[in-house]
Structures are given as structure tokens and as C-alpha cells.
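Observations on chain architecture
Chain by chain, the residues run as shown.
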Amino acid sequence: QVQLVESGGGLVQPGGSLRLSCAASRSIFSINSMAWYRQAPGKERELVARITSGGSTIYADSVKGRFTISRDTAKNTVYLQMNSLKPEDTAVYYCNSVRLAYVYWGQGTQVTVSS
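Residues numbered from 1 in each chain as written. Predicted model: local features only at pLDDT ≥ 70, side-chain atom pairs only at ≥ 80, totals over all residues. Heavy atoms only, no water.

Below, the discussion takes up the state of the cysteines. By the definition in use, this model includes one disulfide. Cys22 shares a disulfide with Cys95; S-S distance 2.0 Å. Judged by the torsion about the S-S bond (-85°), the Cys22/Cys95 disulfide is left-handed. With Cys22 in strand 3 (residues 18–24) and Cys95 in strand 9 (residues 91–99), this residue pair connects regions lying 73 residues apart in the sequence. Judged by relative accessible area, which is 0%, Cys95 ranks as buried. (Disulfide = S-S within 2.5 Å. Helix = DSSP H or I, 4+ residues; strand = E, 2+ residues; numbered from the N terminus. Buried < 20%, exposed > 50% of the residue type's maximum accessible area, 1.4 Å probe, protein only.)

Structure representation (C-alpha cells):
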């Protein structure tokens, strides 16, 4: 069992930055893939970024070049640095952990980009 807790969401101006954090209840990064998803009102949940247990990263085309996923193994925390934010980035952002058939989700943190 893995518990994930997101934090760092909030209201930000267009063009601004936020850093989201996802704290895991135990050390899992050596074996689990970690990801950030988001879900905007009326839309399906979509993958934003993923980092594998080996450290490889992938990004959605809509955020590539603006967002960066990273992790701090000592703190059991994965981050999503979001720069040059746009109104269309507004969504609830969820932390996700996967190992084989096991999938875990955090509660989500709201990100609102508005002037």
C-alpha cells in the first residue's frame, strides 16, 4: 500500500510558476513509476508527465518545455515544476504511482491560472 499526498496548488497569474509536490508514505521510487495527471472540468483525466523508476521522463505535448517532473528520493517526494502557466493549465492535478498491476492516486491539488 502506498499513500500519496499532493500539495502546492493555488491561484497563479498567466505566465507565472508553481511547483507541485507529491509525498509518498514510503520509499518507492526505485521500483515505481511516478506521474502527474490533471483533470479539467468536463474533460477526461490526462497524463501530464511521467518519471520511471530509472529516471526517464516523458511529457504531454501541451506542457513540454514548460513543465519539469523530478524527484527527491531522500524525501520520498516527486515534484512538478510548472512555468509559463496558461489558463488552459487550470485543473486538478493528481499524483500517480504504478508498479505492475498496482496503481495509487493522491487526492489532487487545484491549480487555477487566471488574471
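From this point, things continue past the structure.
A few words on the side chain of Asn96. Among the secondary structure elements, Asn96 is positioned in strand 9. With relative accessibility at 2%, the residue Asn96 sits in the buried group. With near-sequence residues (within four places) excluded, Asn96 lies in contact with Leu4, Ser33, Met34, Ala35, Tyr37, Arg50, Val103, Tyr104 and Trp105. (Contact = heavy atoms within 4.5 Å.)

Most of strand 4 (residues 33–39) is tucked away, with six of its seven residues classed as buried. Bridge count between strand 4 and strand 5 (residues 46–51): five bridges; the pairing is antiparallel. For Tyr37, the partnering residue across the bridge sits in strand 5 and is Leu47. The antiparallel hairpin formed by strand 4 and strand 5 contains six residues in its connecting segment, where Gly42 sits at a positive phi of about 75°. (Pairing = 2+ DSSP bridges.)

By themselves, these observations are geometric and do not establish any function.
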